[in-house]
Amino acid sequence: MDLALIFVPLAGAAAAFGWPVNRTRPWLMPVVGAVHAGLALAVLLHPPAAVAGAWLGCDALARAVLPMVSWLFLACACYGVPYLQLRAERDNRVFVGVFLAILGLISLALMAQHLGLLWVAAEAATLATVPLLHYSGTARAFEATWKYLLVGGTGIALSLLGSFCLGYASLHGGGSGDLTFAGLAAQGAGLTRPWVLAAWVLLLTGYGTKMGLAPMHTWKPDAYGEAPGIVGALLAGGMTTMGFVALLRVRQVVDAAGAGAATTHTLLALGLFSMVVAALFLLRTTDYKRMLAYSSIEHMGILSVGAALGGAGVWAALFHVWTNGLTKGALFLSAGNIRRAAGARTQADVAGMMLLTPVSARMFVAGLFAVTALPPFGPFFSELRIVRAGLEAGRGWTVAVFLGALLIAFFGLTRLVFAIVDGRPHAAARATGERYRETASIIAPPLILLAASLWLGLATPAVLREAWTASVNLLLPAP
Amino acid sequence: MSGTLNLLVALAMGLNLLALASSRLPSVINAAACQGMVLGVLPLLLGAESHWLVWLVAAGTVGVKGFVIPGLLRRALRAASIDREVQPLLGYVPSLLVGAGAMIGAVVLGGILPLRPEDAGSLLVPASFATIVSGFLLLIGRTKAIVQVCGYLILENGIYLFGLLLIRATPLIVEAGILLDLTVAVFVIGIIVDRIQREFDTLDTRKLNVLRE
C-alpha cells in the first residue's frame, strides 16, 4: 500500500503526458489526488508493519505528515481544474504532469528511510517544480525561476555533500556502508564525530534551503510571488514539509552520535533568526503574494524552534506542520482569486477587494487571523503548545523572542491585508473584476482548507495525536 | 595506481585555477569540461574490479560532463551572440589568490580531519574542498549566467570527488551524483530556452533585479 502512494501519482503524471486533449487533462489532478488522499487515510488508520532495514517504508513520521500533504494536494488539484480552464489558450501538458509527479516525489521523500534515496527524491522534486514556476511566462517569472535554480541547486548540492560526509562518518567508524537512518542511528557513538558535525552543518544548510529557513530563504519570496496560487500552496505546504522531515530524520542520527547539543542549538538559532527576519520583512513588503512567502519563512522558523524543544516541542511542531500547511493553502488559493480579479498585487494598485471578490476577501482575512495564531484556528493551538514546551524547557528568552516576532508579524500582515481589502476598488480593477467573477469551484477549495484548519484546532482527531506521539517516540527514544 | 590517481586529481585542481583566471567564456567552459572528463576516468582507477556498473558510471560522467553539458553551453553562447568577456565582480587576480589560498587550506584541513588509512595518502579530500570553493567563487564572483553554470558544474565536480571516497562501499550513491548533473542540464535548458535573453535582452544576471523588497 505504501508503494501505491508513490506510484499512483507517478502513473498519473505519465498519463498526463500522454493525454491528448488539453481541455480534459486537468481532471487527472483531482482524480489522482482523490485516490492518493484515500490511500493516505488508509495508511493513517491502519499503519503498515515496518520492515527492518528497508529503504522505503511508511513509518510513524511519514504517517504523521503525509496525509496533510495529500489532502492539501487534493484541494489544490480541485482548484487547479477551473484555474487551468481560465488559461485554456495555454498547453497544460507539462503543468499537469509535473504537478502530479511532485506529489509522488514528495511522498517518496517522506517515506525514504535511506540517506541517498531521500536526497534523490528531494532533488527530483526540486527540479520538477521548475516548469510550474515559470508557467505564467512573464519576465518576472523567469527571473524568479533562475534564482530558485541557483539557490535551490546550491542547497541540493550541499545536502549531497552532507550526505557523503555522514556516509564517510559511518565508514570511518567501521560501518558496513548501511546508509538507512535506522542503521546509522544504531551505529550511534561509533560514527566519527568531526564528520558527523560537518554533515549536520551541510545537511542543515541544504535541507534548510528547501524549507526556506533564513538566511537561505532568498528564493522564496520570488518563487511564491510569481508562481500560480496552487503552486505556492503546494510548495508552502508540501515541499517545506519534505525539508522539515528530512532534517528531523538526519537529526535523529546526529543525536544518536552524541551531538544532540549542537543540533538543538543550531535549530533554535536558525529558527529564531528566521522568525525575526521574516517579521521585519513583513513590516515592509507591499506585495501580498510575497507577504505569504515571508509568512511561510516565519512559520518554518516556528517549526525549527519547536523541533529544538524536546519531545513536547517536536509533537507541537508536527501539529504545526498540519495547521500551517492547511491554513497556507487557504491563503494562497484565496490570494490567487484576489490577484486575478484585481489584476495587480501591490498595495499601491489594489484596494477595495471586499467589494470585488467578497468571499475570497473574507477568506483571506479569516486566513490572516488563522496564520497569525488568533483563536480558535489551528495555528493558535499548535503555537501555544510550542510556547508551553519552551517554558517547560526553561527557555524564557527563546519564548520572549518567539512571541515578539509573532507580534511584529501580526502588525505587518494586518497592515497589508486590510489595505487591499478595505477602501474603494481602482477603476482598472473593476474591469478585470467583471471578467473574473467568483465561482463556487474557486471558492470551495480554500473554504474547505480553512474549515479543516479550524477543525484541527478545536477537535484534533485522536488518530493524529497518536501518530505524532509515535513519531516523537521514534525520533527521540527515551534514554 | 595511487600515483596516477593523485596526478589526475592534481590536474583537476589545476583546472580550478584555470577557470578562475580565464577572462573568456569559452575557456571557462573548456576548463569545466576537461575537469569533468578527468573526474569521469577516476572511478576506473579506484574500483580494482572491473564491474560493469563502474564502467557505466564512468562513461556516463565523461559523456555528460565532458561533451553534453559543455556542448549545450557553447550552443547557448552562439545563440545568444553575447560578447565573450567574463565580466567579473571579483577580479581575476583576487579570484586566483582566494582559489590558491583555498587549495592550501584544503590540504591543511585534509591533514586535520580523520581519514581511513587507505584514503590518507590520496589527494581526494583536499581536491574536493578546493574545487568546491572554486565553484562557489565562480558562482558568486561572476555576472554572466553561463559562467555561473560553469561554477555550479565545478562545485558539483568537487562533491563528486568526495563521493569517490564512498564508491567501494556504496556505489549507488555515486549514481545519485549523476542526477545532480540533471540539475545542470535544467539550468542550461533554462538558458537555451533563453527567455532571459529575450525578455531582458541580456544574460547579465545583474539585470535580473526586478524582484526585491
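Draft legend 1. Spotlight on the overall build of chain A. A tally of helices and strands in chain A yields 20 helices and zero strands. What you see for chain A is a C-alpha radius of gyration of 21 Å, in line with the 23 Å of a compact globule of 479 residues. Each of the 479 residues in chain A was classed as buried or not, and the buried ones make up 62%. The contacts of chain A with a sequence gap of at least 6 include a subset with a gap of at least 24, amounting to 82%.

Draft legend 2. Region of interest: the overall build of chain B. Scanning chain B from terminus to terminus reveals eight helices and zero strands. N-terminal to C-terminal, the α/β element order of chain B is α-α-α-α-α-α-α-α. Among the 213 residues that make up chain B, the fraction classed as buried is 43%. Sequence-distant contacts in chain B: of pairs separated by 6 or more residues, those separated by 24 or more amount to 74%.

Draft legend 3. Broad picture of the nonpolar core. A109(A), A121(A), A125(A) and C150(B) are the most contacted members of the largest nonpolar core, which has 237 residues in total. With residues up to four places along the chain from it excluded, the contact list for C150(B) reads A19(B), V28(B), I29(B), A32(B) and L138(B).

Draft legend 4. Representation of the packing of helix 3 (residues 60-86) of chain A against helix 4 (residues 93-111) of chain A. Residues and elements named next belong to chain A. As a packed pair, helix 3 and helix 4 sit with axes 10 Å apart at the nearest point and diverge in direction by 175 degrees. Looking at the two axes, helix 3 sits roughly antiparallel to helix 4. Contacts from A62, V65, L66, V69, F73, G80 and L84 of helix 3 reach helix 4 at F95, F99, L103, I106, S107, L110 and M111. Residues belonging to the contact of helix 3 with helix 4 are distributed by class as follows: 12 nonpolar, two polar and no charged.

Draft legend 5. Fine view of helix 20 (residues 462-475) of chain A. Residue and element names in this part refer to chain A. In this model helix 20 runs 20 Å from its N-terminal to its C-terminal C-alpha over 14 residues, within 8% of the 20 Å that 1.5 Å per residue would give. Along helix 20, the residues classified as buried are A467, W468, S471, V472 and L475. Each buried residue of helix 20 sits inside an arc of 140 degrees when the element is viewed along its axis, so together they form one side. Exposed residues pointing more than 90 degrees away from the buried face of helix 20 are listed as A462 and N473. The elements touched by buried residues of helix 20 are helix 2 (28-45), helix 3, helix 10 (229-256) and helix 13 (310-342).

Draft legend 6. Quick look at the packing of helix 1 (residues 2-21) of chain B against helix 2 (residues 25-46) of chain B. Residue and element names in this part refer to chain B. Where helix 1 meets helix 2, the axes come as close as 9 Å, and the angle between the chain directions of the two elements is 165 degrees. By the criterion of interaxial angle, the relationship of helix 1 to helix 2 is roughly antiparallel. The hand of the helix 1/helix 2 crossing is left-handed. Every residue of helix 2 that contacts helix 1 at T4, L5, L8, L11, A12, L15, L18 and A19 is listed here: V28, A31, A32, C34, Q35, V38, L39, V41, L42 and L45. Of the residues in the contact of helix 1 with helix 2, the class split is 16 nonpolar, two polar and no charged.

Draft legend 7. View of unusual backbone geometry. Residues and elements named next belong to chain A. Residue A214 is joined to P215 through a cis peptide bond whose omega torsion reads 0 degrees. If you trace the backbone, P215 turns up in the loop between helix 8 (193-211) and helix 9 (219-226). Cis geometry is found at the peptide bond from P375 to P376, where omega equals 5 degrees. With respect to the helices and strands, the residue P376 is situated in the loop between helix 15 (358-371) and helix 16 (378-392). Positive phi outside glycine occurs at A373, with the angle close to 65 degrees.

Draft legend 8. A look at the environment of A49(A). All names here are of chain A. Relative to the elements of secondary structure, A49 occurs in the loop between helix 2 and helix 3. We classify A49 as exposed; it has 6 C-beta atoms within 10 Å. Sequence separation between A49 and T241 is 192 residues; the distance between their C-alpha atoms is 24 Å.

Draft legend 9. Region of interest: the confidence of the model for chain B. Residue and element names in this part refer to chain B. Looking at chain B, the pLDDT average stands at 79 and 75% of residues meet or exceed 70. Averaged pLDDT values for the elements of chain B fall to 58 in helix 8 (residues 195-200) and rise to 91 in helix 5 (residues 124-141). The complex prediction reports pTM at 0.93, with the ipTM value standing at 0.89.

Draft legend 10. Examining the environment of V35(A) more closely. Residue and element names in this part refer to chain A. Mapping V35 onto the fold places it in helix 2. Using a count of 18 C-beta atoms within 10 Å as the deciding quantity, one classes V35 as partly exposed. Separated by 45 residues in the primary sequence, V35 and G80 place their C-alpha atoms 16 Å from one another.

Draft legend 11. Region of interest: the environment of I167(B). All names here are of chain B. Within the element layout of this structure, I167 appears in the loop between helix 6 (145-163) and helix 7 (171-193). Classification of I167 as partly exposed rests on a count of 17 C-beta atoms within 10 Å. I167 sits 124 residues away from P43 along the chain, and the two C-alpha atoms are 7.8 Å apart.

Procedures and definitions
Residue numbers run consecutively from 1 along every chain, following the written order of its sequence. For naming, the first written chain is A and the first written ligand is 1, with later ones following in the order written. With the structure being a predicted model, the display of local features is reserved for residues of pLDDT at least 70 and the display and counting of side-chain atom pairs for 80 or more, all residues being used for whole-chain, interface and lining totals. The numbering of helices and of strands both runs from the N terminus, where a helix is a DSSP run of H or I of at least 4 residues and a strand a run of E of at least 2. Atoms counted for the radius of gyration: C-alpha only. Globule rule: 2.2 Å times residue count to the power 0.38. Burial is judged by counting the other C-beta atoms within 10 Å of a residue's own C-beta: 20 or more makes it buried, 12 or fewer makes it exposed, and any count in between marks it as partly exposed, with every C-beta position built from the backbone. Each residue gets a C-beta atom placed from its backbone, and two residues are in contact if those atoms lie within 7 Å. The nonpolar core criterion groups buried Ala, Val, Leu, Ile, Met, Phe, Trp, Tyr and Cys residues into a set whenever they are joined through C-beta atoms within 7 Å. Helix axes are fitted to C-alpha atoms over the stretch in contact, other axes to C-alpha atoms as well, and angles between N-to-C directions run from 0 to 180 degrees. When an angle is under 35 degrees it counts as roughly parallel; over 145 it counts as roughly antiparallel; between 65 and 115 it counts as roughly perpendicular; any other value is oblique. Three categories are distinguished: nonpolar for Ala, Val, Leu, Ile, Met, Phe, Trp, Tyr, Cys and Pro, charged for Asp, Glu, Lys and Arg, and polar for the others, with Gly belonging to the last. What a helix is expected to span follows from its residue count: subtract one and scale by 1.5 Å. What the arc describes is the spread of directions from the helix axis to the C-beta atoms. Each crossing is labelled by how the near helix is turned from the far one, with a counterclockwise turn of less than a right angle marking it left-handed and a clockwise turn marking it right-handed. For every residue, the predictor states its confidence as a pLDDT score lying anywhere from 0 to 100.

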